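Below are the chains, spelled out letter by letter.
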Amino acid sequence: MTARPVWNAAYRREIWSTLSNGAWDLVIVGGGITGAGILREAARLNLRTLLVEQSDFAWGTSSRSSKLVHGGLRYLKTGQVALTHASVQGREQLLAEGLGLIDPLGFLLAQYENDGAGGGRLIYGAGLTVYDLMAQQWSHRYYSPQDFQMMAPYIAPTGLRGGFQYQDAQTDDARLVLRVMREAADEGGVAINYVRAERLLFDGTDEPTGVRLRNVPDGSTVDVTARVIINATGAWADTLRKQVGGEERIRPLRGSHLIFPAWRFPLAQAVSFMHPVDGRPVFAFPWEGVTLVGTTDVDCPPPLDNDPSITADEVAYLLAAVAGHFPALNLTHEDVLATFAGIRPVIGSGKDDPSDESRDHVIWSESGLLTVTGGKLTTFRQVARQALEAVCVRLDDQGTEAGKSRLARLHEGAPILRPLDDGGAILEPLPGVVRQRLLGRYGADAAALVAAAQPGEMESIAGTVALWAELRWAARAEAVVHLDDLLLRRVRVGLLAPKGGVHHLRRIRRIVQPELGWDDTRWEAEASAYQKLIDAAYSLPDETIPDWRGLLIQSRAAQAAATAVRRQRRRSIERRAGLGFLVVALGALWLWVRWRRRVMVEHG
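Residues numbered from 1 in each chain as written. Predicted model: local features only at pLDDT ≥ 70, side-chain atom pairs only at ≥ 80, totals over all residues. Heavy atoms only, no water.

Asks: Help me understand the overall build of the chain, please; the structure alone is not making it clear to me.
Replies: On a plain count of helices and strands, the chain comes out with 19 helices and 17 strands. Taken along the three principal axes of its C-alpha coordinates, the chain extends 115 × 60 × 50 Å. Looking at the chain as a whole, 55% of its 604 residues are labelled buried. Sequence separation of 24 or more characterises 72% of the internal contacts of the chain that already satisfy a separation of 6 or more. In the form shown here, the chain has an accessible surface area of approximately 26,400 Å², with 54% of it arising from carbon and sulfur atoms. (Helix = DSSP H or I, 4+ residues; strand = E, 2+ residues; numbered from the N terminus. Buried < 20%, exposed > 50% of the residue type's maximum accessible area, 1.4 Å probe, protein only. Contact = heavy atoms within 4.5 Å. Areas by Shrake-Rupley, 256 points an atom, 1.4 Å probe, with all protein chains shown as cover.)

Take a look at the structure:
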């Protein structure tokens with residue numbers, strides 16, 4: 001394998017200048033985890049593959065997910081057993097191969113009286129048993145209310161019936177995308193960000209034979225030809241589909257999150273509970289030194305051109321969930337460190353409740369355009385392989401040995417992530433946790449990252465778990481075009497530090513400006529744009545936040561009234577049952593008396 005290319009401005013110019021040199025076997029439009037996974041698997045098959053992304057890699061859903069690599073326990077409730085099984089298998093393989101990037105996460109599932117969970121201990125226990133058996137393990141256990149509180153000390157004790165503990169996993173979603181892409185590039189895949197697929201090219205045929213690409217930074221264009229074009233643009237998939245006559249089928253749903261400082265909302269593991277207002281599942285868990293709370297699930301109609309952001313109603317909804325189940329912490333909007341919102345590419349089926357829509361993926365072939373959308377972060381490898389099955393059928397004659405061979409290689413037991421050694425002597429002096437974190441997030445680049453560090457840069461950035469050296473490496477080698485690429489997706493300072501880390505910008509500038517080759521005018525423009533973006537999309541909204549305490553009071557009043565009605569109904573049923581039993585008993589006694597009299601008369 002040749003030396004890894006450094007993804008800097010010079011490399012980007014070189015790649016752009018050669019895009020039209022010959023036909024591509026495959027052009028992938030979309031630089032999230034779905035596109036990255038397809039690029040990785042296509043490179044393994046020696047397909048000449050290009051991936052383009054109109055914004056930054058992982059700009060969309062793949063950097064704004066809930067950060068969970070989970071098996072989809074809740075999908076068992078809706079009968080999506082196949083999706084749950086695929087998710088569990090994907091989670092287990094990622095945990096085995098990506099330690100430091102995908103890490104185990106204990107989950108506590110709280111059960112309260114009248115919490116709308118719709119199932120008791122027996123039902124949840126059965127579901128978790130199936131969940132564990134799919135992973136060939138036994139990780140779940142039921143805890144009494146007292147023991148449950150010891151594991152989640154600040155959870156509300158009133159009405160707590162106990163709960164379960166089980167195992168799932170978490171990740172840094174944007175870093176997962178970058179590692180998959182970098183490993184795809186090692187095997188010949190080409191990926192370039194800030195290149196928009198302007199329109200499909202048909203060359204006099206009914207099926208697309210290429211794509212016109214626009215270099216977003218300078219506006220230049222180039223036409224590329226491809227044997228197959230894959231639309232992996234997620235929530236934006238209908239844009240390309242319309243060019244081949246496809247009807248709109250995507251239902252974009254926004255999932256918003258709150259981030260709290262860990263000292264203000266301390267948790268040792270994830271806690272899942274039912275929202276006190278509508279009974280939807282909500283979670284809170286420790287991630288990268290902060291505590292993340294989510295998520296909402298609301299329609300997000302087009303246009304989807306700007307960074308999505310949380311609304312005031314969503315803030316109130318999540319604060320009501322936190323206040324209802326962790327009242328002792330007295331958390332308010334003033335404690336919120338940051339927010340973020342992502343757009344889920346869900347296939348619309350007309351259901352009234354967005355949460356009832358399926359999260360499974362689909363693959364559509366429409367007039368030669370292959371669209372891959374939906375699905376979950378956890379199953380990206382399975383999705384990629386299914387998409388490439390369709391590609392192999394188009395490209396290869398399956399009756400030949402070559403065609404059979406490529407399709408067979410697609411399903412070989414290759415790892416999702418390349419196995420790594422311990423990083424060599426340069427990583428050996430680092431604390432074990434730091435070494436594992438760097439190896440997981442940067443893969444084969446971890447040693448080069450440490451080697452590039454200047455004095456003092458192997459220290460953590462205050463308020464985060466990230467290192468100053470990570471900023472230098474990302475600016476030097478990871479296709480950073482704008483400052484938000486660096487601080488929101490390569491190194492997650494924008495989510496972990498107060499106000500997006502703007503108070504760190506002076507030192508950040510000293511480290512990364514020379515690496516990026518920006519003059520002072522460019523730096524000032526980027527810093528200004530970054531601060532505006534943090535205010536607009538990663539902070540609390542400007543409008544007044546509704547009274548979440550009022551929501552709780554109304555909800556509790558409604559629950560109390562409903563409980564009173566249920567008790568009254570139960571008493572009424574019990575009274576009717578008692579009266580019925582008395583009538584039956586009297587009737588039975590009367591029949592017995594008549595029988596006895598008849599017997600006595602007959603025996604006179």
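Moving on from the model shown.
Asks: What's the story with helix H14 (residues 468-477) in this structure? I'm lost.
Replies: An α-helical turn contains 3.6 residues, so any two residues separated by three or four positions project in the same direction. Here H14 lies mainly inside the structure; nine of its 10 residues are buried. Those residues of H14 that fall on the buried side of the exposure criterion are Trp468, Ala469, Glu470, Leu471, Arg472, Trp473, Ala474, Ala475 and Ala477. Against helix H7 (173-186), helix H12 (432-442), helix H13 (446-452), helix H15 (483-490) and helix H17 (505-516) lie the buried residues of H14. A positive backbone phi angle near 60 degrees is found at Ala479, which sits one or two residues after H14.

Asks: Could you clarify how one ought to interpret the pattern of salt bridges in this entry?
Replies: When charged atoms on two side chains of opposite charge get close, those side chains can pair. For the coordinates displayed, the defined rule picks out 41 salt bridges. Note that Asp173 is salt-bridged to Arg492, the shortest N-O span being 3.1 Å. On the criterion of sequence distance, the pair formed by Asp173 in helix H7 and Arg492 in the loop between H15 and helix H16 (493-496) is long-range, its members being 319 residues apart. By relative accessible area, which is 0% here, Asp173 ends up buried. (Salt bridge = Lys/Arg side-chain N within 4 Å of Asp/Glu carboxyl O.)

Asks: Looking at this structure, how should I read helix H2 (residues 33-44)?
Replies: Between its terminal C-alpha atoms H2 stretches 17 Å, which fits the 16 Å expected from 12 residues at 1.5 Å a residue. Along H2, 12 of the 12 residues are buried, which leaves the element largely enclosed by surrounding structure. Within H2 the residues assigned to the buried category are Ile33, Thr34, Gly35, Ala36, Gly37, Ile38, Leu39, Arg40, Glu41, Ala42, Ala43 and Arg44. Among the residues trailing H2, Asn46 stands out with phi positive, at a value near 65 degrees. (Expected span 1.5 Å × (residues − 1).)

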